[in-house]
Amino acid sequence: MSDTTSLKPCNKCGAPAEVVKAGSRRFWVQCTRYAGQGTCSAIGAQADNKKDAIAGWNKTR
């Protein structure tokens, strides 16, 4: 059984990941270096809830 609450690190640079919420039902996961430092382009697909966004991110890692 996979853990859908903890994020795997970025597979491009190894940095931690973070969940981003925009609006009431738009979530995605991105590398913490994506927005803050602009040095990594890893970003997950949008989902309707936090659980699905995390599962999608972890599935590709």
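Details of the structure are given in the entry above.
These lines cover the structure that appears in this document, whether it is placed above or below. This is a predicted model, so every value here is computed, not measured.

1. Here's the deal with the side chain of Gln30
So, step 1. Inspection of the secondary structure assignment puts Gln30 in strand β2 (residues 27-31).
So, step 2. Owing to a relative accessible area of 6%, Gln30 belongs among the buried residues under this scheme.
So, step 3. Polar contacts involving the side chain of Gln30 include one to the side chain of Trp28, which spans 3.1 Å.
So, step 4. For Gln30, the residues in contact, after removing those within four places along its chain, are Ala17, Glu18, Val20, Ala35, Ala42, Ile43 and Trp57.

2. Observations regarding helix α2 (residues 50-59)
So, step 1. The set of residues buried in α2 consists of Ala53, Ile54, Trp57 and Asn58. Down the axis, α2 shows its buried residues gathered within 125 degrees of arc, on one side only. Across α2 from its buried face, at more than 90 degrees, point the exposed residues Lys51 and Lys59.
So, step 2. Contacts made by the buried residues of α2 are with β1 (17-21) and β2.
So, step 3. A distance of 3.3 Å separates the backbone nitrogen of Lys51 from a side-chain oxygen at the start of α2, and that oxygen is part of Asn49.

What counts, and at which threshold
- Residues numbered from 1 in each chain as written.
- Predicted model: local features only at pLDDT ≥ 70, side-chain atom pairs only at ≥ 80, totals over all residues.
- Heavy atoms only, no water.
- Helix = DSSP H or I, 4+ residues; strand = E, 2+ residues; numbered from the N terminus.
- Buried < 20%, exposed > 50% of the residue type's maximum accessible area, 1.4 Å probe, protein only.
- Polar contact = N/O pair within 3.5 Å; in protein donor to acceptor, adjacent residues only side chain to side chain.
- Contact = heavy atoms within 4.5 Å.
- Arc of directions from axis to C-beta.

Function cannot be read off these values alone, since they describe shape.
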